[in-house]
Amino acid sequence: MSPPFLKRRTGWLPAAVVLAVVLITGSRLIMLSVQQHAETAREASRAEATRAALSIESQLQVLTGLASRQAARAAAAISGDAAPQSLAEVPPIHNTFWIATDGMLVASRDSSVTIAKGIVSEWASTAPLRNASAPSVLGPMREGSQWLVAARAPIRPAGSNPAAPPAAWAIAYVDLDQLLSSTHLGAIVDAGYDFALTQVEPASGRSRIFLSSRTTPLDVAAERTIHLPAGYLPAIAGSYLQIAIRPRAGWYPTEELATEIGLLAVLAWLLAFGTHDLTHSLLRLRAGLAASRRRVQALTQRLSSEIEQRQDLQKSFDHARYHDGFTGLPNRRYFMNQLDRALGDVRTRRRQRIGIILIDIARFRLINDTLGHTAGDELMVQASRRFAKATAAFECVLARWSGDQFAVLILDLPSPEAAIALAGVLQEALHAPFDLRRHRLSVTASMGITCADSGPQRAEDVLREADIALSVAKRHETTKTVAYVAAMGGQAATLVSLEADLHVALAKNELRLMFQPIVDLRSYRMVGAEVLLRWRHPVEGLLTPDKFLSIAEEAGLMVPVTRRIILRVCKLAMEWRRRLPPGQEFYLSINLSAAVLRDPGFSDYVESVLQETELPATSLKFELTEATLISNVGAAREVLERLHRMGVQLMLDDFGTGYSSLNYLQLFPLDYVKIDRPFINRTGSEDANTGMTQAMLQMAPSLGLTAIAEIIETEAAANALRQMGCAFGQGYFFSEPVAAELALQFLRGQPFQARQPAAGAIDGGAAVVAPIAAPPAIVAPPISPREDDSPTMAMPPLSHGDMDDDEPAILVRPANRPQRTTG
Ligand code: C2E
Ligand code: CA
Ligand code: CA
């Protein structure tokens, strides 16, 4: 690359070349034109000079002719009489006179004697009369105010010696003006010429100007000598007359020259400038092109590095999506994908047989609780390394299935026995004790095995088989590895396979909604209900959320599930509003998990559902736990603010079980606080939590919160809470979660009233209350016809809504209901 100053020079170079070429050519042309012009002018001047000279010569001819003729006349008159005195008898004509060598002057009567004398004396000063014998011309000479030209011819009487000096002369003269009158010098001046009539005397080197159109001498003019008529000599020896003519504007008119030079300069400048501009534009264009090229290159580079970064990111994202952060092993999602693919291969006979081994590390929870989580994690990392080493020789996928479980997918099994052999190798790998932070631990594991070699098997079916085998193995005291056989079909699985089933559950409408009344503690009237999810598992029966929610969350199903719940609940609430007496208000509150708050379209969705169903926002509430809020404060705030602005009220759920940090609570627009287990703390002592409940109940109003006490199982609790100032409550004492229709009956019916607990209910520490004089419709049999449906069959979808929540009334004793564990 050339330095910029060079570039600037190269920019000027073409312009300079153009300038030089134009100037040289132009000046050459101007010069040629000057020469041409001068030549023409010179020719014209020469012609003018010749014309003028010829005209003067002819006038001189006339003058000398006159002198010669008069001399001849005088000679004839005095012939024979040699005395010049006799000349006096011959009268000279006008403008002529005779002069004898002795000085006698005979002038015509009308001629001026003074002029004649002047001429004679002038002549005498040039050449004495006696000496010259040839005819001659004198002048121009000044006489008074006149310029005169004179010619003299010798008067020689016949017979005299022609070589001897004459005795007398005949002289004729003429006024110079008259002589020149026919030359029309004025016309020459008018034609734009200057002229000068000069007498040149080569002997003395003198030249005298008689007549000139200029005051200054005329240099470099076209000159012409004026010849005297034949036979006549100049009075002054060697002298002659000369006419010089020159164009007045000079040989080349300066004005025109200046214009032409000016034009040339302008033209040269314009061309040079144009060239410079052109080269400059070209250079700029080139520079622009280079810059664009550089920019494009930079852009391409940036793009490709960005693409690379993205690919890296995608890779790490994919890795994170499909791997367990702790052990680095593939996760459950990855395993399921691979299993699906492998089963596809078996179906198309690309693979002969595949096998699955589910591994459950025994006593893992105990290790976690006694040695701490770090030790538990360390154990899993070490176990995963040992398993990885043990399976290295096989074509298989080793995955971390859950906290204490691993899964192995063997991709090419020669025989079912080979899977059992591999399980043996895995058991062997656990043989050596584990060193965990100053502890040596012997660990055992239960393993469930199954194989798939034919038939249209689904991943969830194969997994369930392995799971059932695992549950059998776990129950066994000695045999720690069990292979699935068809006879085990009836056994309960350990729910390892729930995730696979959950996808199917959504499609088959196996998810149900239950409604647990929320009651005004003073009037015992139902004011609303909490919506609780159930899964009618075709094999496992009715499952409570603690069995499947974490799996649904991990499988990324919480967002679609919650959206369905919201739509269903809003439609249902609208239906209830129509069926309730006008003006009776109630609300339904839905639990939200952390994943839902991360759903960017969530608040929009709620808004659209409220609009679509025309449900007043006050009839819908959401419940959130502290853990949910804290896991993503920023996103949670944004979503909750928006919901709150829409008029949807928010409840803080499970207060008293988690961090219970009031600082955090003030960050969110909460309206209710649900106090969890107001009388039972984790150690089971009733008093410990009372203080906390009391404190919260006192503080709630100042925080703008309305308190709802949860898990009220006894009348005493209900009363105590009411006395502490708690306005609302919820718990088995009033009602368990019930089906939609029954919940609506509670809303329409009488207030709740304590009833004697049913037999066996005391174990659970809960009582069942029912509204006084509940409508007969709610006294439904414990098992509805729908629940009699074959468990493996899909529930027929209801005409309204996408989730069948029309669960029949289940008034079962609480002891039979799933209980919350307090540990
Ligand atoms: P939660 O929000 O604290 O709901 C209250 C739980 O306590 C319910 O359990 C309810 O059946 C139970 N319960 C109510 N009264 C009593 C009582 O007097 N004694 C005892 N022992 N238990 C009582 P459930 O239905 O098993 O729900 C468990 C948890 O699952 C809920 O806790 C909630 O956090 C979550 N959950 C339920 N449905 C949904 C849902 O649709 N979405 C989300 N994200 N979470 C849900
Ligand atoms: Ca709740
Ligand atoms: Ca709760």
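Residues numbered from 1 in each chain as written. Chains lettered and ligands numbered in written order. Predicted model: local features only at pLDDT ≥ 70, side-chain atom pairs only at ≥ 80, totals over all residues. Heavy atoms only, no water.

**Considerations on the coordination of the calcium ion (ligand 3)**
Geometry sets the ideal angles at a metal, namely 109.5 degrees for four tetrahedral donors and 90 or 180 degrees for six octahedral donors. Let me state the cut-off plainly: Excluding water, the donors of a metal are its N, O and S neighbours within 2.8 Å, or within 3.2 Å for Na, K and Ca, and that exclusion means sites may look incomplete. Only DSSP runs of H or I reaching four residues or more are called helices, and only runs of E reaching two or more are called strands; each is numbered from the N terminus. Per-residue accessibility, obtained with a 1.4 Å probe over protein chains only, is compared with the maximum for each type, and a residue is labelled buried under 20%, exposed over 50%, and partly exposed between these values.
The coordination sphere of the calcium ion (ligand 3) contains the protein donors D653 (OD), D654 (OD), E710 (OE) and E710 (OE), at a distance range of 2.2 to 2.5 Å. Positions of the donor residues of the calcium ion (ligand 3) along the chain correspond to the pattern D-D-x55-E. The metal-metal distance between the calcium ion (ligand 3) and the calcium ion (ligand 2) comes to 3.8 Å, with D653 coordinating both. Taken together, the residues D654 in strand 23 (residues 649-655) and E710 in the loop between strand 25 (706-709) and helix 20 (715-724) connect sequence positions 56 residues apart. Judged on exposure class, the residue D654 and its partner E710 are both buried.

**Observations regarding unusual backbone geometry**
Unusually for a residue other than glycine, N95 sits at a positive phi of about 65°. Secondary-structure assignment places N95 in the loop between helix 1 (4-78) and strand 1 (96-100). The backbone of E614 shows a phi angle near 65°, a positive value even though the residue is not glycine.

**A look at the packing of aromatic side chains**
Note on aromatic pairs: each is described by the distance of the centres and the angle between the planes. Cut-off, in case you're wondering: Two aromatic rings from Phe, Tyr or Trp, using only the six-membered ring of Trp, form a pair when their centres are within 6.5 Å; if the ring planes differ by under 30 degrees the pair is stacked, by over 60 it is edge-to-face, and anything between is tilted.
Applying the stated rule across the entire model yields 16 aromatic pairs. The interplanar angle of 50° and the centroid separation of 6.4 Å between the aromatic rings of F97 and Y173 together place this pair among those described as tilted. In this pair, F97 is assigned in strand 1 and Y173 in strand 5 (residues 168-175), connecting sequence segments 76 residues apart. Ring centres 5.2 Å apart and planes at 70° place the aromatic pair W147 and F210 in the edge-to-face group. Placement of W147 in strand 4 (residues 146-155) and of F210 in strand 7 (residues 206-212) is noted, with a sequence separation of 63 residues between them.

**Looking at the coordination of the calcium ion (ligand 2)**
Summarising the metal site, the calcium ion (ligand 2) is bound by the protein donors E530 (OE), N591 (OD1), E623 (OE) and D653 (OD), whose distances to it range over 2.1 to 2.3 Å. All donors to the calcium ion (ligand 2) come from one chain, and their sequence spacing reads E-x60-N-x31-E-x29-D. Judged by its relative accessible area of 28%, N591 is partly exposed.

**A word on the nonpolar core**
The cut-off we apply is this: We call a set of buried Ala, Val, Leu, Ile, Met, Phe, Trp, Tyr and Cys residues a nonpolar core when their side-chain atoms join them within 4.5 Å. Every residue pair with non-hydrogen atoms within 4.5 Å of one another is taken to be in contact.
Ranked by size, the top nonpolar core spans 83 residues in total, and within it F515, W576, L620 and F622 carry the most contacts. With eleven residues, helix 13 (residues 558-579) is the largest single contributor of residues to this core. Leave out the neighbours within four places in its chain, and F515 touches A529, E530, V531, L572, W576, L588, E736, P737, V738, A739, A740 and A743. In terms of nonpolar packing, the next biggest core, distinct from the first, is built from 40 residues, A71, A75, A151 and I226 among them.

**Let's talk about the sheet that holds strand 10 (residues 240-247)**
Applicable threshold: DSSP calls a pair of strands paired once it identifies at least 2 bridges connecting them. To obtain each axis, a line is fitted to C-alpha atoms, and for helices this fit is confined to the stretch in contact; angles are then taken between N-to-C directions over 0 to 180 degrees.
As summarised here, the arrangement of the four strands in space is 7-6-10-8, forming an open sheet in which the pairing is antiparallel. The open sheet has two edge strands, strand 7 and strand 8 (222-226), and neither has a second partner. Between one strand axis and the next, the sheet turns through 25° on average, direction left out of account. Where strand 6 (residues 193-201) meets strand 7, six bridges bridge the pair, whose relative direction is antiparallel. From the neighbouring strand, V200 faces strand 7, where its bridge partner is S207.

**Notes on the sheet that holds strand 12 (residues 396-402)**
A sheet is described by the order of its strands in space; here five strands give the open sequence 12-13-11-16-17, paired in mixed fashion. Of all the strands in the sheet, just strand 12 and strand 17 (481-483) have a single pairing partner and so form its edges. On average, each strand axis in the sheet is tilted by 20° relative to the strand beside it, whichever way the strands run. Contacts from helix 10 (residues 459-475) reach strand 11 (354-361), strand 12, strand 13 (405-410), strand 16 (445-452) and strand 17, with the element oriented near 150° to strand 16.

**Here's the deal with the pattern of salt bridges**
The following threshold applies: A pair is scored as a salt bridge if a Lys or Arg side-chain nitrogen falls within 4 Å of a carboxyl oxygen belonging to Asp or Glu.
Applying the stated criterion across every chain yields a total of 27 salt bridges. Where E530 meets K674, a salt bridge forms, and the shortest distance between an N and an O atom there is 2.8 Å. One end of the pair, E530, is in strand 19 (residues 526-537); the other, K674, is in strand 24 (residues 672-675), with 144 residues separating them in the sequence. Classification of E530 by relative accessible area gives buried; the value is 4%. Among the salt bridges present, the one from R637 reaches E641, with a minimum N-O distance of 4.0 Å. Taken as a pair, R637 and E641 lie in helix 17 (residues 633-646) at a separation of four residues, close to a single helical turn. Each of D345, R350, R351, E395 and D412 takes part in one network of salt bridges that share partners.

**A closer look at the site of ligand 1**
The following threshold applies: Nearness of a residue to a molecule or strand requires only that one of the residue's heavy atoms be within 4 Å of it. In the analysis that follows, any N or O atom pair within 3.5 Å is treated as a polar contact, provided that within protein one partner can donate a hydrogen and the other can accept it, and provided that, for residues neighboring in sequence, both atoms belong to side chains. Note that accessible areas follow from Shrake-Rupley with a 1.4 Å probe, and for residues the cover is restricted to the protein chains shown. As a working rule, the residues Ala, Val, Leu, Ile, Met, Phe, Trp, Tyr, Cys and Pro are called nonpolar, Asp, Glu, Lys and Arg charged, and the rest polar, with Gly in that last group.
Around ligand 1 there are 25 residues in total, and Q516, R534, D653, E713 and Y732 lie nearest to it. In this structure, a nitrogen atom belonging to ligand 1 sits 2.9 Å away from a side-chain N or O atom of Q516. For ligand 1, an oxygen atom lies 2.8 Å from a polar atom in the backbone of Y732. Burial of ligand 1 by the surrounding chains reaches 92%, relative to a free accessible area of 790 Å². Of all elements in the fold, only strand 19, helix 12 (545-554), helix 13 and strand 23 reach the threshold of two or more residues within the shell around ligand 1. Looking at the shell around ligand 1, the element that brings in the most residues is strand 19, giving four residues. Partitioning the shell around ligand 1 into residue classes produces eleven nonpolar, six polar and eight charged.

**A word on the packing of helix 6 (residues 332-347) against helix 10**
The relative placement of two packed helices is expressed as an angle between their axes plus a distance between the axes. Inclusion rule: Reported orientations rely on four angle classes, namely roughly parallel under 35 degrees, roughly antiparallel over 145, roughly perpendicular from 65 to 115, and oblique for the rest.
Packing of helix 6 against helix 10 brings their axes to within 10 Å, and their N-to-C directions diverge by 110°. Accordingly, the angle class assigned to the pair helix 6 and helix 10 is roughly perpendicular. On the side of helix 6, the interface is formed by M336, L339, D340 and L343, while helix 10 contributes A459, V462 and L463. Broken down by class, the residue content of the contact of helix 6 with helix 10 amounts to six nonpolar, no polar and one charged.

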